[in-house]
Amino acid sequence: MSYSTEQIADMVKPTFLHRKIYTDPAIFELEMERIWGGSWIFIGHESQVPNAGDYITLNYGHLPVVMVRDKQLNIHVLHNRCGHKGAKIVDKRDGHVNAFRCCYHGWTYALDGTLAGVPNMKGYEGTGFDRSDPRYNMQKLARYDSYRGFVFASMNPRAPDLKEWMGGAATVMDNLCDRSPEGEVEVAGGVLRYEHECNWKLFLENLNDTMHPMIVHKSVVDAANDYIATLPEDSARRDEAEIIPPFGASYEVFESTGITGFRYGHHYDGGETSIHADYSVDPDYERAMLAAYGADRTREILTYNTHNTLYYPSLTIKSAIQNIRVVRPIAVDKTIIETWSFRLKGAPDSLLQRTLLYSRLINANGSMVGPDDLTAYFRVQQGLASTGNDWIEMHRNFGQDEDQGDRLVNGGTSDLDMRTQYAAWKAYMTNDTPLANQEAQAS
Amino acid sequence: MTNVITSNPTIRDIEELLYDEAAFLDKADLDGWIELYTDDGTYWMPVLPDQEDPVNHISLFYDDRVLMEIRRRNLKHPRAASKDYPIRCSHIISNIRVTEQVDEITTVESNFHCLVYYNDRQTTYGGTYRHELVRSDSGLKIRHKRVDLINCDAALNTIIIYL
């Protein structure tokens, strides 16, 4: 069915959400157009295309696009579609080309998408076909820009500038990069692709849902603690023992981490502390950081400790871990989550190895953490088919968010993250300029 | 010092061990399964064909004894939501051949198909195994197992148990 703007607005109440937000394919199509088409979407990292001609392909929402570096070393984000019959131009996940060439009729394109060659031009003479007409190029996305190497694109010509859109949440991406002694990160160690049979928003809502870990992850925390208890006291320290047990932290610990929400739906939990705060520091890494930044700044960087940060709707990062997860919606009840890891330039290999261990322990298809989360999302997706109750609730600490101007702050177990996301959802979906959180909350 | 091997395992010895392992996994019995591994045994499922490194590159699984022990306990935990559903597997192993025999280590490669029925869905996994087997006082044991899925780099759903 199709919905009026008023009907869509009515699906988001201050403390309730309508179940059709998660289950109706028509809503999903509107989300792709209005949220994914309206905001900035994470494309990739500059380190994935270091040389002219290097490219990666991906889906923006569910549209095929390619990120490529041209001969002037500028990065472009292009629709992955031939200007002739519409064939997808490049189909490998990554690679290197001197120019793009369509597999079907051999049309060729420069690295910025400009049509360069059409075979057998003779038949086009006198037909009105103009090879120099930009409509035949591989089309550029309306906007693309990067922040500290992270490339985003937007279909929306009127989107705010990337930096303005990120707002105060940019601090976390800064922290991720500043954790490198050289102030730069690069993609390393490959990607995990994990099919989720659920709506894309269920994954996002779990990021800063700190009422679930002690329930959902109790089994792996118990298993790890039971095993650790059997080990002799002088056993070698294991990173697993620092990574897994904090997922069973108490409500009080999670409450103390706090949640901070921003305009456009971004939010993070933690800051002064998080469940990653007590990780050991490799002494070689500490020396490299001290040499690069001095004692005060090193302490400042390493004690800024967030857990998950969401750049709504497509990217979530863990600055203290140096991994990111990228959201690729496929259908109303199907989403692919990609986990990428980063090397801190100038840091010892042990840091990347811990990042990869973390991704494997927590986010991998074969892990003992992610599959329990996914089971919960799957059950929600199934349960919301029920017509017994059209609404889900999100009351925790409602009316108590502290307004600090550019951000709202509340305890770690509050539903501030839900309020933040759905203020943005409602604004994008009703084709409004996304509202500041406080305005949305008052409405 | 090089150990002198008086008798290398026969193909029948090797089949017996591989089939025993498959039988434990078919029943999702990790208590029995773990006993087939040496204390320094490892289980690896790369995410790339020809992946060389389990530590500096992401994998679907890379478990040593510590993680095997945690996984064994996790599987039986009453509050593991993803383990609420019965896990039933059927492994077929074939094309078994010894590819290397160095000192006490016998390297064996094989092909496998595995059906996993879990949460109302049957999934087919297939690919190759590489087992490194070692003779011990308690018989032939697995020191390392590498599982190369033919679709290891696809977007896979949860892999609920070792394959």
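Residues numbered from 1 in each chain as written. Chains lettered and ligands numbered in written order. Predicted model: local features only at pLDDT ≥ 70, side-chain atom pairs only at ≥ 80, totals over all residues. Heavy atoms only, no water.

### Points about the overall build of chain B
Then comes step 1: Tallying secondary structure elements over chain B gives three helices and six strands in all.
Then comes step 2: Along chain B, helices (α) and strands (β) appear in the sequence α-α-β-β-α-β-β-β-β when read from the amino end.
Then comes step 3: For chain B, the C-alpha radius of gyration of 16 Å lies close to 15 Å, the compact-globule estimate for 163 residues.
Then comes step 4: Principal-axis analysis of the C-alpha atoms places the extent of chain B at approximately 50 × 30 × 30 Å.
Then comes step 5: Burial status across chain B gives 52% buried among its 163 residues.
Then comes step 6: In chain B, 57% of the contacts between residues at least 6 apart in sequence involve partners at least 24 apart.
Then comes step 7: Here chain B displays about 7700 Å² of accessible surface, and carbon together with sulfur accounts for 47% of that area.
Then comes step 8: Measuring between centres, the 18 positive side-chain charges of chain B sit 6 Å from its 27 negative side-chain charges. (Helix = DSSP H or I, 4+ residues; strand = E, 2+ residues; numbered from the N terminus. Rg over C-alpha atoms; globule rule 2.2 N^0.38 Å. Buried < 20%, exposed > 50% of the residue type's maximum accessible area, 1.4 Å probe, protein only. Contact = heavy atoms within 4.5 Å. Areas by Shrake-Rupley, 256 points an atom, 1.4 Å probe, with all protein chains shown as cover. Lys, Arg positive; Asp, Glu negative; His and termini not counted. Charge placed at Lys NZ, Arg CZ, Asp CG, Glu CD.)

### Comments concerning helix α14 (residues 416-429) of chain A
Note on helix geometry: an α-helix contains 3.6 residues per turn, so any two residues three or four positions apart are oriented the same way.
All names here are of chain A.
Then comes step 1: Taking 1.5 Å of rise per residue, 14 residues should cover 20 Å, and α14 covers 20 Å from first to last C-alpha, within 8% of that figure.
Then comes step 2: Across the 14 residues that make up α14, a large majority, 13, are buried.
Then comes step 3: At the exit of α14 stands N431, carrying a positive phi of roughly 60°. (Expected span 1.5 Å × (residues − 1).)

### A few points about helix α1 (residues 11-26) of chain B
Residue and element names in this part refer to chain B.
Then comes step 1: Under the 1.5 Å per step criterion, the end-to-end length of α1 is 22 Å for 16 residues, consistent within 8% with the ideal 22 Å.
Then comes step 2: What α1 keeps buried is the set I14, L17, L18, E21, A22 and L25. For α1, the arc enclosing every buried residue in end-on projection is 135°, short of the 170-degree limit, so these residues lie on one face.
Then comes step 3: In this structure, the buried side of α1 is in contact with α2 (30-34), β1 (37-46), β3 (87-102), β4 (105-118), β5 (121-136) and β6 (139-149). (Arc of directions from axis to C-beta.)

### Considerations on the domain arrangement of chain A
Residue and element names in this part refer to chain A.
Then comes step 1: Under the domain assignment used here, chain A contains domain 1 (41-146) and domain 2 (167-442).
Then comes step 2: Once you take the C-alpha centre of each, domain 1 and domain 2 turn out to be 34 Å apart.
Then comes step 3: On the domain 2 side, the residues contacting the 11 residues of domain 1 number 14 residues.
Then comes step 4: Both sides of the domain 1 and domain 2 interface together cover about 980 Å² of buried area, and 61% of this is carbon and sulfur.
Then comes step 5: Where domain 1 meets domain 2, there are zero salt bridges.
Then comes step 6: Across the contact surface, domain 1 and domain 2 share three residue pairs in polar contact (both at pLDDT 80 or more).
Then comes step 7: For the side of domain 1 that touches domain 2, the elements supplying multiple residues, two or more each, are β2 (41-45) and β3 (54-60).
Then comes step 8: Among the elements that line the side of domain 1 that touches domain 2, the one with the most residues is β2, at four residues.
Then comes step 9: Residue composition of the side of domain 1 that touches domain 2, grouped by class: four nonpolar, six polar and one charged. (Domains from an automatic or database assignment. Buried area = accessible area lost by both parts, 1.4 Å probe. Salt bridge = Lys/Arg side-chain N within 4 Å of Asp/Glu carboxyl O. Polar contact = N/O pair within 3.5 Å; in protein donor to acceptor, adjacent residues only side chain to side chain. Nonpolar A, V, L, I, M, F, W, Y, C, P; charged D, E, K, R; others polar.)

### A look at the packing of aromatic side chains
Then comes step 1: Scanning all chains against the criterion turns up 22 aromatic pairs over all chains.
Then comes step 2: Ring centres of W44 of chain B and Y62 of chain B lie 6.2 Å apart, and the angle between their planes is 75°; on these two criteria the pair is classed as edge-to-face. A residue pair is termed long-range when its members are at least 10 positions apart, and W44 of chain B in strand β1 and Y62 of chain B in strand β2 (residues 59-63) qualify at 18 residues.
Then comes step 3: Overall, the relative accessible area of 5% leaves W44 of chain B in the buried class.
Then comes step 4: On the basis of an interplanar angle of 40° and a centroid distance of 5.7 Å, the ring pair of F61 of chain B and Y162 of chain B is categorised as tilted. On the criterion of sequence distance, the pair formed by F61 of chain B in strand β2 and Y162 of chain B in the segment after β6 is long-range, its members being 101 residues apart.
Then comes step 5: Using a relative accessible area of 1% as the deciding quantity, one classes F61 of chain B as buried.
Then comes step 6: Connected via pairs of aromatic rings, a cluster forms that spans F42, F150, F152, W165 and F342 of chain A.
Then comes step 7: Lying across the ring of Y129 of chain B, K145 of chain B places its NZ or CZ 4.1 Å from the centre. (Phe/Tyr/Trp six-rings, centres within 6.5 Å; stacked < 30°, edge-to-face > 60°. Lys NZ or Arg CZ within 6 Å of the ring centre and 35° of its normal.)

### A look at the pattern of salt bridges
Residue and element names in this part refer to chain B.
Then comes step 1: Scanning the entire structure with this criterion turns up 38 salt bridges over all chains.
Then comes step 2: Between E15 and R12 there is a salt bridge whose closest N-O contact spans 3.0 Å. Taken together, the residues E15 and R12, both in helix α1 and three residues apart, mark about one turn of the helix.
Then comes step 3: Overall, the relative accessible area of 46% leaves R12 in the partly exposed class.
Then comes step 4: For the salt bridge of E109 with R97, the shortest nitrogen-to-oxygen distance reads 3.8 Å. Note that E109 is positioned in strand β4 and R97 in strand β3, a separation of 12 residues in sequence.

### Observations regarding the state of the cysteines
All names here are of chain A.
Then comes step 1: Inspection of every chain in the model, using the stated rule, returns zero disulfides over all chains.
Then comes step 2: With no disulfide partner, C82 has as its closest neighbouring cysteine sulfur the one in C102, 3.9 Å distant.
Then comes step 3: Under the relative-accessibility criterion, C82 is labelled buried at 1%. (Disulfide = S-S within 2.5 Å.)

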